[in-house]
Amino acid sequence: MQRQIPLMLCLVFGVFMIIQFFIPHPISTTAYEIVLRWVRIIAIFALVLGVGSLTMHHSNKIKRKVKGWQFSIITLIAAVITALVGLLGMNVVDGRLIFFAGIGRTSLLQTFFQNFYIPVNSTMFAMLAFYMASAAYRAFRARTKEATLLLIAAFFVMLGMVPIGSAISPRLPEFAEWILSVPNLAAKRGIMFGIALGAIATSLKIILGIERGWLGGGK
Amino acid sequence: MHIFLMCLLLTGQFSPPENVRAFDTPNDAGRSITLNWNPCADPDIAGYQVFRSQQGENPVCINTLLPVERQFIDESAMDGMFYTYQIVAFKVVGEDTVLVGSEMSNLVTSKPQWFNTKRINVLIGIVIFFTLILYYISHAKRGKKLFIRRIAGLDAVEEAVGRATEMGKPILYVPGLSSVSDIATIAALNILGEVAKKTAQYETTLLVPNRDPIVYTVAREIVKEAYTSVGRPDVYKADNIFFITDSQFAYAAAVDGIMVREKPATNFFLGMFWAESLILAETGATTGAIQIAGTDSIYQLPFFITACDYTLIGEELYAASAYLSREPLLLGSLVGQDYGKLVIVVTVIIASILLLLSAKFPILNILRFFNVG
Amino acid sequence: MKIFQALAKIDRKIIFAILAVVIIVPLIKPLGIISRASNRAEAVFNAVDAIPPGKSLMISIDFDPGSQAELYPMLNAILRHAFAKDVKVILLGLWLTGMGLGEEALSITSQEYNKVYGEDYVFLGWRSGVLPVILGMGEDIKRTFPTDYYGQSLNDLPMMNDIRNYRDIPFFITLSAGDPGMNTWIAYAQSRYGLKMGAGTTAVSAADAYPFLQTGQLTGLLGGMKGASEYEFLVREKGYSQALTPASQAMDSQSLAHLLILILIVLGNIGFFFIRKTTAFKGEK
């Protein structure tokens, strides 16, 4: 029973969504809107599960004093403070802390966002540049004919994608663009066809209950 | 009435909009009528006003449009009511506004449709593809042997789990960063079940950090079920499958931290990834782990291929659960999928030839019936 | 021999250090390499330019501070362009963590052009659920967003009186750093409702957009920081704004970083080539 109900729901809603796609009638669109509204509501409840897991995971770490447990304290404190600041609408106006004043420009949440969240996130993204440099240096070796071809293509694309490329020759960006939008795209489209068909086949298997891995596997 | 008088008085000023055609907007949920008209020849007109007469009553202005518009969709129409429309062009001459109206349009009513004819091509595609898959599934059910090519990345799963066991180190399994509505995530969760069965047998620690709360819940159930199915529920640790955060780079930072601290022997990056793919894979490479990646995001594939030992490309990821479990029904659908691909390749070739020839022989342009070409 | 081995195996820490220098120096002392606009950036610019004054441009913030460097300058340049042309702006986002950036960009640019909230621009904010939001707006924006980012009813905002759904939006731009983002908008808003749209993406996912440009589903594309600098260039050239152009300034760093990576690849290959040659020669002996 525990398995059959989700499978039945999956079948009913899967088939409904396929049929709905072809019917523009208000009966179909209204039913569709109701389903969408439910999806939105369920997504909110899932967030509670996430918060629960985060709290449990880090509380356990602190309790067991596993390596780096101090960081778990920081995580939990940060999560609680950020939630409170947002929920209570804390704002600092003329040096005074006021409550329930929304989440506008003067809010503490916005201050946290700009002074903690933005710099930390940008730092992580910026690491990509360094990793790309080291990965490109390691990977682009002319080991075979194909690798050499890849190397030459990468050379032109990298030059063509920055202003210095057009300073060397105005034709360079055009050539880089051609590499990206013709040979590169041709290969990608082949892969995309496979992916699209694979996605449809997987969806069909899920709707029909042939693929049950997402339910925890088993028969 | 006022407008009609204006028309009579001022028709000499400039030619009115002509050929106003009103029709029920096709393929919609009703309550909508589309109007088309031939514009005024005068380039100086200031715009158009749309007048609507309901069941023969006096016309009422329902909208004012810019002079560039050639079409108007009236979304305030009621289904079953009969309307006629008039398009009135207006122009400012000195201090006066000069109005010139078209003739009244045909009588029209709106109604909802039961089938969207614009999607007939999708319907045909779905029917062909579903038939192929279902045929090959039933083919497999009858016990026919089906050939599936080798996928190195999936063959390496056993070796990767074994290696972790020998080294006494954990296995890290990242089920992508997307939600459970993403097919790649579902594929990653399917593989997780198979990997979990192996780690349960070998008693190897399996760490599954999650970015999506729903994926986290499903992943936990899958691992638990896998451990139970191989008779080792005692080895299952709920705390090893956990939610981190839904922030992309905070999640990447946390997983990087796990890789640096715990030094897993094997890293699985399967599912949907974005810019963080290289951050994860390069950090994993520096810790010396065996890395098996797989994604259907073709733009992250180059990063994984560069930094990982094995990479499942696109549909190989979807095929993984069939490949690992060797279940005939799943294998059958894979073969059906391949024939579907063959149909698409043949269709693309034929369509391209027809499209090229239709330039010379317009009769061949049958693709217009399918909203292409 | 040793030098070739060293060239083939440069320590990643050395690469990181040189790259850091190459990026930081031009930020302090710009080289002034001018970025010209590509056809694809021009297509986005022209589409915004063609929106009649009084009609609305919709922009979706589908990024967070992680990709701020590339996408935030695009947002500012597009807002300045729209405000200078008296085009109304509806801002929303699929990424909750990007809302702070939207609020900041709007408050800065609206002040520059004396624009009034509710009359010239509206900030819808974020709603949970991606598909319900995109598809819901195709039917009725006010039903999907009964209130704006600040909790005000959309019925109280005069600008929203004439706007019901995508049919009332002449052009839409997604500034997308991943998913949900460009692909989601194309699959659901463009394909289903025929929304005319352009995109700004991070450089790493710019190639993602090419198939959609060829099929015409995307009108134009701003790819990464280069795309942002191209839009800044166009906005400045047409005289719509004289504000700072952060993306254009950062392009010098990117140019040099690309050059460095190319040099590293060449060095790596020289090392690899000579080591292979020597090993093959020894093998023959």
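1. Details of the overall build of chain A
Then, number 1: When you go through chain A residue by residue, the secondary structure sums to 8 helices and 2 strands.
Then, number 2: When the helices and strands of chain A are listed from N to C terminus, the series reads α-α-α-β-β-α-α-α-α-α.
Then, number 3: Here the C-alpha atoms of chain A give a radius of gyration of 26 Å, more than 25% beyond the 17 Å that 2.2 N^0.38 yields for 219 residues.
Then, number 4: Oriented by its inertia axes, the alpha-carbon framework of chain A measures out at about 60 × 55 × 45 Å.

2. Remarks on the interface of chain C and chain A
Then, number 1: In this assembly, 44 residues from chain C lie in contact with 42 residues from chain A.
Then, number 2: Those elements that provide at least two residues to the side of chain C that touches chain A are α2 (12–28), α4 (68–84), α5 (99–112), α6 (131–139), α9 (210–215) and α11 (246–284) of chain C.
Then, number 3: Across the side of chain C that touches chain A, the residue classes break down as 23 nonpolar, 15 polar and 6 charged.

3. Remarks on the pairing of strand β12 (residues 290–295) of chain B
Residues and elements named next belong to chain B.
Then, number 1: Along β12, 6 of the 6 residues are buried, which leaves the element largely enclosed by surrounding structure.
Then, number 2: On β12, burial covers both faces: Ile290, Ile292 and Gly294 on one face and Gln291, Ala293 and Thr295 on the other are all buried.
Then, number 3: In the sheet, strand β11 (residues 266–270) pairs with β12 via 5 bridges, with the strands oriented parallel. In the sheet register, threonine 266 faces β12, and the bridge partner there is isoleucine 290.
Then, number 4: Handedness of the β-α-β unit built from β11, helix α7 (residues 276–286) and β12 comes out right-handed.
Then, number 5: With 4 bridges connecting them, β12 and strand β13 (residues 310–313) associate as parallel partners. Looking at the pairing, alanine 293 lines up with threonine 311 of β13.
Then, number 6: Note that the unit made of β12, helix α8 (residues 301–307) and β13 has a crossover that is right-handed.

4. Focus: the domain arrangement of chain B
All names here are of chain B.
Then, number 1: Per the domain assignment, the segments making up chain B are domain 1 (2–101), domain 2 (117–135 + 330–370) and domain 3 (146–326).
Then, number 2: A straight line from the C-alpha centre of domain 2 to that of domain 3 covers 35 Å.
Then, number 3: Each partner contributes residues to the interface: domain 2 has 5 residues there, and domain 3 has 7 residues.
Then, number 4: Here the residues of the side of domain 2 that touches domain 3 sort into 4 nonpolar, 1 polar and no charged.

5. A short note on the confidence of the model for chain B
Residues and elements named next belong to chain B.
Then, number 1: Of all residues in chain B, 94% attain a pLDDT of 70 or more, and the chain-wide mean is 88.
Then, number 2: Considering each helix and strand of chain B separately, the mean pLDDT is smallest for helix α1 (residues 2–10), with a value of 44, and largest for strand β8 (residues 171–174), with 98.
Then, number 3: Taken as a whole, residues 1–11 scores under 50 in pLDDT and shows 17 contacts with residues more than four places along the chain or in a different chain.
Then, number 4: The complex model carries a pTM of 0.79, and its ipTM stands at 0.86.

6. Brief notes about the sheet that holds strand β10 (residues 241–243) of chain B
Residue and element names in this part refer to chain B.
Then, number 1: Taken together, 6 strands build an open sheet; the order of strands is β10-β9-β8-β11-β12-β13 and the sheet is parallel. Looking along the sheet, the strands with just one partner apiece sit at the ends: β10 and β13. Taking the axes of each pair of neighbouring strands and ignoring which way they run, one obtains an average angle of 15 degrees across the sheet.
Then, number 2: This element, helix α3 (residues 152–167), spans β8, β11, β12 and β13 of the sheet and lies at about 145 degrees to β12.
Then, number 3: Sheet contacts for helix α9 (residues 315–325): β11, β12 and β13; angle to β13, the most-contacted strand, approximately 95 degrees.

7. Quick notes on the interface of chain A and chain B
Then, number 1: Across the contact, 50 residues belong to chain A and 59 residues belong to chain B.
Then, number 2: Mapped by element, the contributors of at least two residues to the side of chain A that touches chain B are α1 (4–22), α2 (26–64), α4 (108–139) and α8 (183–207) of chain A.
Then, number 3: The element that contributes the greatest number of residues to the side of chain A that touches chain B is α8(A), accounting for 16 residues.
Then, number 4: A per-class count over the side of chain A that touches chain B returns 29 nonpolar, 17 polar and 4 charged.

8. Describing α8(A)
Then, number 1: Spanning 25 residues, α8(A) covers 37 Å between terminal C-alpha atoms, matching the ideal 36 Å at 1.5 Å per step.
Then, number 2: Of the surrounding elements, those touching the buried residues of α8(A) are α1 of chain A together with α2 (120–141), α4 (183–202), α9 and α10 (328–358) of chain B.
Then, number 3: Gly209(A) occupies a position one or two residues after α8(A) and carries a positive phi of about 80 degrees.

9. Some remarks on the packing of α2(A) against α6(C)
Then, number 1: It is the contact of α2(A) with α6(C), at a shortest axis distance of 9 Å, that shows an interaxial angle of 145 degrees. For the pair α2(A) and α6(C), the sense of crossing is left-handed. When α2(A) is examined against α6(C), the residues Glu33(A), Leu36(A), Arg37(A), Val39(A) and Arg40(A) are found in contact with a partner set consisting of Leu131(C), Pro132(C), Leu135(C), Gly136(C) and Glu139(C).
Then, number 2: Its residues placed into classes, the contact of α2(A) with α6(C) shows 5 nonpolar, 1 polar and 4 charged.

10. With respect to the pairing of strand β6 (residues 83–93) of chain B
Residue and element names in this part refer to chain B.
Then, number 1: With 8 bridges connecting them, strand β3 (residues 47–54) and β6 associate as antiparallel partners. The residue bridging serine 53 from the neighbouring strand is threonine 84, located in β6.
Then, number 2: One ladder, built from 6 bridges, connects β6 with strand β7 (residues 96–101); its direction is antiparallel. Within the sheet, the bridge partner assigned to valine 92 lies in β7 and is threonine 97.
Then, number 3: Adjacent in sequence and paired antiparallel, β6 and β7 are bridged by 2 residues, among which glycine 94 carries a positive phi angle near 60 degrees.

11. Let's talk about the sheet that holds β7(B)
Residue and element names in this part refer to chain B.
Then, number 1: Pairing is antiparallel across the open sheet formed by 4 strands, whose spatial order is β4-β3-β6-β7. Every interior strand has two partners, whereas the edge strands, β4 (60–65) and β7, have only one. Between one strand axis and the next, the sheet turns through 30 degrees on average, direction left out of account.
Then, number 2: As paired elements, β3 and β4 share 5 bridges and run antiparallel to each other. For valine 50, the partnering residue across the bridge sits in β4 and is asparagine 63.

What counts and what doesn't
- Residues numbered from 1 in each chain as written.
- Chains lettered and ligands numbered in written order.
- Predicted model: local features only at pLDDT ≥ 70, side-chain atom pairs only at ≥ 80, totals over all residues.
- Helix = DSSP H or I, 4+ residues; strand = E, 2+ residues; numbered from the N terminus.
- Rg over C-alpha atoms; globule rule 2.2 N^0.38 Å.
- Contact = placed C-beta atoms within 7 Å.
- Nonpolar A, V, L, I, M, F, W, Y, C, P; charged D, E, K, R; others polar.
- Buried ≥ 20, exposed ≤ 12 C-beta atoms within 10 Å, placed from the backbone.
- Pairing = 2+ DSSP bridges.
- Right-handed = clockwise from strand over helix to strand, strands pointing away.
- Domains from an automatic or database assignment.
- pLDDT = per-residue confidence, 0-100.
- Axes fitted to C-alpha atoms, helices over the stretch in contact; angles between N-to-C directions.
- Expected span 1.5 Å × (residues − 1).
- Left-handed = near helix turned anticlockwise from the far one by under 90°.

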